[in-house]
Amino acid sequence: MSIPSLFKLLAFLRLTDAATCYDGAGGFQQEHWPFCQQLEAGLLMYFGPSTDGDFLKLGLQAENHSGWSALAIGGNGGMKGAQQFVVRQVDGEWKAEERYSADYVTPELQETQEVRLIFAGESQGHTSWGVLIPSRSCQPGERYAVEDVGMFMHWALGHAQEFGYHKSRGQFHTNLVSGPPAPPPDMSSLPSVMVTMPDVPVVLGEGGSDAQNPYLCGIFDLAEVLPAGLNASAKHHAAKFAPILDPQSRQYVHHMILYECSDQAAVDNNFTHNQVISNCERMVRGCQNSKWPWAVGGEDLVLPDNVGVPIGDGARWYALQMHYYNPNTVAGVRDSSGVQLTLASSLRTHDAATYGLVGGVSPMHRQPLTQGVADLAIDSHVLPAQCTNAWDVEEINILGVMHHAHLVGKKLTIHVTRNGEYLGEMRREKAYDFNHQSMEGSSVKKLKRGDELTLTCSYDTSGRTQPTAFGDFTQDEMCLAYFLHYPAQKARRSVFLRAIGNTRMSMCPDPSALENLGLGDADSLGFGQGQSTDQSAQLVSLAVSATAPALNPPACQSRGNLESASANEVLRSMGVDVSSSAMDSCNLSLIHI
């Protein structure tokens, strides 16, 4: 299964009925518009790269609509950081505009316009249009390159031709090069496991630090939640994770993480099924093996058909950490959110796992962020070659990447360096959005031994009047990223410790090394923070030191010039009149599309 099809779970169907997509409505023909994707009832997107790959054709057909309409390429499910293509009438003439959303405000026109209107029209109350854009532009502005990777897109319809607030909108996944995601597999006949909080009161537990940010953990016995006939001590593969959000309390759920616990943790803490730990700001020692992370905006996760996340295999106990954010401390909130795991009918070829890049999640890692700064970058966190050289395979496959910060997070990026050369960013996300955190496809599809990963995080504290500490609470901050990969590696995370000039100190130990020190929670580790003198000395021995790689991306190389003869040839091949009298790039005449 290809990486783009990883996200087929998102329920946006590939349309194979030619009578639906290519019935002549809107003038779209499959020979010119190879892909068609239904976004909503009566709303179709047509697209496809040019033969040489230098351009992308992008079109929309909206039934029963009169007004502006738009498609957008985004780094997440929100409008922050989205590159938008708006088509509307201005003084009776159809225009295509390229806009950008820096925040939840009216998108502004790009400094340069890298969009060419192929055609636009309204007939019998229906609107249809097509545009041509370059695969990669180096002109001033904020844009995404057209790549063979699954990514978020958005659509929006306006009330009138004057551009303003939308009357309806939505988001979806697609691959602009390879086409729409395949229909999600039918897993209804497969066994599943429900792990949900037992109608818990969302209140601060004894010993908790902040009433606005309760942390609770539910403890679950696999033997109790597995379907009848399945052995809890045997190995199973989870093929799908689906978040379950209680409709009465979903607005308070900030994140969920499902952890596997050791037998010793169960003994030490007298675990019982459906037990609730009322203060779980720090995970129970021995429950640090993350199986599934979810945060606001996350969606279902379906694994490729040869890959699964191992469940059981001698591990009986699981903990679901819930972070609730109740800024107004509303009373009487109860919650039954959690996750449904769908199990494969048989074991698959590869184990998958998440790897965490912990760039700062507590005051032990980072100093507070200075208030009143619009673009505040912190020292990078580096996963050095010493760590990736310890992987037990030559390369791993990347299934998805998740960024995590809090309310003032601005931009997070994982950069990949190989043999001293800059390889690229793993995930394209121009602006981090706290409300839309999901696991998205990676532009770098494989990581190799010796690769170095650099996590950079920046923040906008212009609205804060006091320093912002790093910590677990929503009003605090984090610098954290995960990537889902296979085959699974024993090391599960790297942790930032110190930055001294261009030198980075971090840890990436095998979990057994931490357990041997009695330090199971690597995320919270910092020198001299809560450890004995002997533990601190041993911790120093696990640290690695490396020089932060130079992040020197190659100069932008444009691909596709809208004013070139090759652009005209693309349009001419579609039957568009590109004669000198029709060369107004925003008002081309349609002959036959």
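About the thresholds
- Residues numbered from 1 in each chain as written.
- Predicted model: local features only at pLDDT ≥ 70, side-chain atom pairs only at ≥ 80, totals over all residues.
- Heavy atoms only, no water.
- Helix = DSSP H or I, 4+ residues; strand = E, 2+ residues; numbered from the N terminus.
- Buried < 20%, exposed > 50% of the residue type's maximum accessible area, 1.4 Å probe, protein only.
- Contact = heavy atoms within 4.5 Å.
- Disulfide = S-S within 2.5 Å.
- Pairing = 2+ DSSP bridges.
- Salt bridge = Lys/Arg side-chain N within 4 Å of Asp/Glu carboxyl O.
- Phe/Tyr/Trp six-rings, centres within 6.5 Å; stacked < 30°, edge-to-face > 60°.
- Lys NZ or Arg CZ within 6 Å of the ring centre and 35° of its normal.

Chemist: Where do I start with the environment of Val-296 in this structure?
Modeler: If you trace the backbone, Val-296 turns up in the loop between β18 (289–295) and β19 (301–302). Of the residues examined, Val-296 reaches a relative accessible area of 18% and is grouped as buried. Note: C-alpha distance between Val-296 and Asp-433 (137 residues apart in sequence) is 9.6 Å. What Val-296 contacts, discounting residues up to four positions off in sequence, is Val-253, His-254, Phe-434, Asn-435, His-436 and Gln-437.

Chemist: Can you help me understand the state of the cysteines in this one?
Modeler: Working definition of a disulfide: a covalent bond connecting the sulfur atoms of two cysteines. Across all of its chains, the model carries six disulfides by this definition. At a sulfur-sulfur separation of 1.8 Å, the disulfide partner of Cys-387 is Cys-508. The chirality of the disulfide connecting Cys-387 with Cys-508 is left-handed, given an S-S dihedral of about -80 degrees. With Cys-387 in helix α4 (residues 385–388) and Cys-508 in the loop between β35 (503–507) and α5 (511–517), this pair connects stretches of sequence that are 121 residues apart. An identical accessibility class is assigned to Cys-387 and Cys-508; each is buried.

Chemist: Mind showing me how you'd approach the pairing of strand β16 (residues 253–260) here?
Modeler: The side chains of a regular strand alternate, residue by residue, between the two faces of the sheet. Buried residues dominate β16, accounting for eight of its eight residues. Pairing of β16 with strand β21 (residues 317–324) involves seven bridges; the strand directions are antiparallel. Residue His-255 lies in a different strand from β21, and its bridge partner there is His-323. Bridge count for β16 against β18 is six bridges, and the pairing is antiparallel. What sits directly across from His-255, in β18, is Ala-295.

Chemist: What is the right way to look at the sheet that holds strand β10 (residues 151–158) in this model?
Modeler: Pairing between the strands of a sheet comes from backbone hydrogen bonds, and it takes one of two forms, parallel or antiparallel. Judged by pairing direction, the sheet is antiparallel, and its six strands sit side by side in the order β7-β6-β5-β4-β10-β11 without closing on themselves. The open sheet has two edge strands, β7 (108–109) and β11 (166–174), and neither has a second partner. Inspection of the sheet shows strand β6 (residues 93–101) paired to β7 by two bridges, in the antiparallel sense. Across the sheet, residue Tyr-100 finds its bridge partner in β7, namely Glu-108.

Chemist: What am I meant to see in the pattern of salt bridges here?
Modeler: Any two side chains of opposite charge can pair, given that their charged atoms come close. The full count for this structure, using the stated rule, is 20 salt bridges. Put simply, Glu-93 and Lys-95 hold a salt bridge, and the shortest N to O gap is 2.9 Å. Judged by relative accessible area, which is 24%, Lys-95 ranks as partly exposed. Three or more residues are tied together by salt bridges with common partners; here these are Arg-88, Glu-97 and Arg-99.

Chemist: What exactly am I supposed to notice about the packing of aromatic side chains here?
Modeler: What describes a pair of aromatic rings is the distance from one ring centre to the other and the angle between the planes of the rings. Throughout the structure, instances matching the rule amount to 10 aromatic pairs. Seen in terms of ring centroids, Phe-241 and Trp-292 are 6.2 Å apart; in terms of plane orientation they differ by 5 degrees. Their pairing is stacked. Here Phe-241 is found in strand β15 (residues 235–244), whereas its partner Trp-292 is found in strand β18, with 51 residues between them in sequence. For the residue pair Phe-241 and Trp-292, the accessibility class agrees, reading buried in each case. Both rings, one in Tyr-459 and one in Phe-470, keep their centres 5.9 Å apart while their planes meet at 85 degrees; by these two values the pair is edge-to-face. Residue Tyr-459 is found in strand β32 (residues 452–459), and its partner Phe-470 is found in the loop between β32 and β33 (479–486); the two are separated by 11 residues along the sequence. Accessibility expressed as a relative area gives 0% for Tyr-459, which makes it buried. A relative accessible area of 2% places Phe-470 in the buried class. Aromatic ring contacts, followed pair by pair, group Tyr-22, Phe-28, Trp-33, Tyr-46 and Phe-119 into a single cluster. Over the face of the ring belonging to Phe-496 we find Arg-366, whose NZ or CZ atom lies 3.6 Å from the ring centre. For the cation-ring pair, Lys-430 lies above Tyr-144, with the distance from its terminal atom to the ring centre recorded as 5.3 Å.

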